[in-house]
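Chains, contacts and geometry: an overview
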Amino acid sequence: MKPKILISRSPESSGLYEAAVEKAGGEALSYHCPDPAMDFDALILAGGGDMDPIEFEEPNLGSVEIDRPRDQVELALVSRCVNENKPILGICRGHQVLNIALGGNIYQDMNAPMVAIHAQEADGSSRFHPIGIGIYTMLHQLYGEEMVVNSSHHQAVRDLGQGLYKTAWDENGVVEALQHGSLPIWTVQFHPEQMTGADGGPDGQKIFDFFLDQCRKNLGN
């Protein structure tokens, strides 16, 4: 039986998350603002706009494209997954949402030199930059001590949520990935669904393959 992977996404999502899940052997259930009570085995929090800073008790200091209904749904989904030990993969916005859901916070708008490295190009394409990877982590298992990743964000994780630890970072110390110390939770700030390996760079599909393997193991417990 294929694990049922719920993908919580933006309305304009391109379908790449779904294709990566299907390629890894899962059944993709993809929605904007899905019902947190629906039947699923694991959760992917996909990319999108910024989270309402009210969720981490700050005024708006640069957050844009806020989708409050999505915020509420995804916080409820994380709470359910934590309570039921369901695996979660957070990607870009999802990386930040998971950190906030577990009590952390974010930089709402990185300073100009950092944004110049991380934000989209003028034509809307992603930038690329290297990251360092901690040992004994999901990314180290898949890619080694460093890799080049795509980048399209102006916000970043600041204080870590409960149980999370940093597993990858850029040259300025921006947190590029997280794992949980005891729960099946992994996050990345970049977009593995867009990384095909065709240009000689890393293949992001490995992350989805890893996640689906963990989902199958979780279902076997």
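Description of the structure in this document. As the structure is a computational prediction, the values presented were derived from the model and not from experiment. (Residues numbered from 1 in each chain as written. Predicted model: local features only at pLDDT ≥ 70, side-chain atom pairs only at ≥ 80, totals over all residues. Heavy atoms only, no water.)

Quick look at the nonpolar core now. The biggest cluster of nonpolar side chains holds 33 residues, and the ones touching the most others in it are I44, L139, F190, I207 and F211. The element contributing the most residues to this core is helix α6 (residues 205–220), with six residues. (Core = buried A, V, L, I, M, F, W, Y, C linked by side-chain atoms within 4.5 Å. Buried < 20%, exposed > 50% of the residue type's maximum accessible area, 1.4 Å probe, protein only. Helix = DSSP H or I, 4+ residues; strand = E, 2+ residues; numbered from the N terminus.)

Time to look at the sheet that holds strand β6 (residues 127–133). Taken in spatial order, the nine strands line up as β2-β1-β3-β4-β11-β10-β9-β6-β7 in an open sheet, and their pairing is mixed. Every other strand in the sheet has two partners, leaving β2 (27–31) and β7 (146–151) as the edge strands with one partner each. Recorded for the sheet is a direction-independent mean angle of 25° between the axes of neighbouring strands. Pairing of strand β9 (residues 164–169) with strand β10 (residues 175–180), which is carried by five bridges, proceeds in the antiparallel orientation. When the bridges of β10 are listed, W169 appears paired with V175. The strands that helix α1 (residues 16–23) touches are β1 (4–8), β2, β3 (42–45) and β4 (88–91); relative to β2, the one it contacts most, it runs at about 165°. Its contacts with the sheet put helix α2 (residues 68–84) on β1, β3, β4 and β11 (185–188), and the angle it makes with β3 is roughly 145°. (Pairing = 2+ DSSP bridges. Axes fitted to C-alpha atoms, helices over the stretch in contact; angles between N-to-C directions. Contact = heavy atoms within 4.5 Å.)

Side chains of β4 alternate between two faces, with I88 and G90 and L89 and I91 buried alike. Note that β3 and β4 share three bridges and pair parallel. The partner of L43 across the bridge, within β4, is I88. Taking the sense of rotation as the criterion, the β-α-β connection linking β3, α2 and β4 turns out right-handed. With four bridges joining them, β4 and β11 adopt parallel strand pairing. By the bridge assignment for β11, L89 is matched with W186. (Right-handed = clockwise from strand over helix to strand, strands pointing away.)

This part covers the packing of α1 against α6. Two numbers describe a pair of packed helices, the interaxial angle and the distance between the axes. Running from N to C, α1 and α6 cross one another at 55°; their axes reach a closest spacing of 9 Å. Taken as axis vectors, α1 and α6 run oblique relative to one another. When the axes of α1 and α6 are compared, the crossing they make is right-handed. Two secondary-structure elements touch here, α1 through A20, V21 and K23 and α6 through Q205, F208 and L212. Per-class residue counts for the contact of α1 with α6 are four nonpolar, one polar and one charged. (Parallel < 35°, antiparallel > 145°, perpendicular 65-115°, else oblique. Left-handed = near helix turned anticlockwise from the far one by under 90°. Nonpolar A, V, L, I, M, F, W, Y, C, P; charged D, E, K, R; others polar.)

Here the focus is the pairing of β6. Every other side chain in a regular strand lies on the same face of the sheet, so the side chains alternate between the two faces. Both β6 and β7 contribute to a ladder of six bridges, which runs antiparallel. For H129, the partnering residue across the bridge sits in β7 and is V149. The pairing of β6 with β9 spans two bridges and is antiparallel. What sits directly across from G132, in β9, is W169.

Given a rise of 1.5 Å per residue, 16 residues ought to cover 22 Å, and the 23 Å separating the end C-alpha atoms of α6 matches this to within 8%. If you check which residues of α6 are buried, you get Q205, I207, F208, F210, F211, L212, Q214, C215 and N218. Among the structural elements, β1, α1, β3, β4, α5 (138–143) and β11 are those in contact with the buried residues of α6. (Expected span 1.5 Å × (residues − 1).)

Right, let's get into the environment of Q162. Looking at where Q162 falls in the secondary structure, it is placed in the loop between β8 (156–157) and β9. Remark: the alpha-carbon pair of Q162 and H180, spanning 18 residues in sequence, is separated by 8.4 Å. Not counting residues up to four positions away in its chain, the partners in contact with Q162 are L102 and H180.

Okay, the packing of aromatic side chains next. Think of a pair of aromatic rings as described by two things: how far the centres are apart, and how the planes are tilted against each other in angle. Inspection of the entire model under this criterion finds two aromatic pairs. Here W186 and F210 contribute two aromatic rings whose centre-to-centre distance is 5.3 Å and whose plane-to-plane angle is 90°, an arrangement assigned as edge-to-face. Here W186 is found in strand β11, whereas its partner F210 is found in helix α6, with 24 residues between them in sequence. Judged by its relative accessible area of 9%, W186 is buried. Taking 6.2 Å as the distance between ring centres and 85° as the angle between the ring planes, the aromatic pair formed by W186 and F211 counts as edge-to-face. Here F211 lies in helix α6 and W186 lies in strand β11, a separation of 25 residues in the sequence. (Phe/Tyr/Trp six-rings, centres within 6.5 Å; stacked < 30°, edge-to-face > 60°.)

Fair warning: the whole summary comes from geometry, so function is off the table for now.
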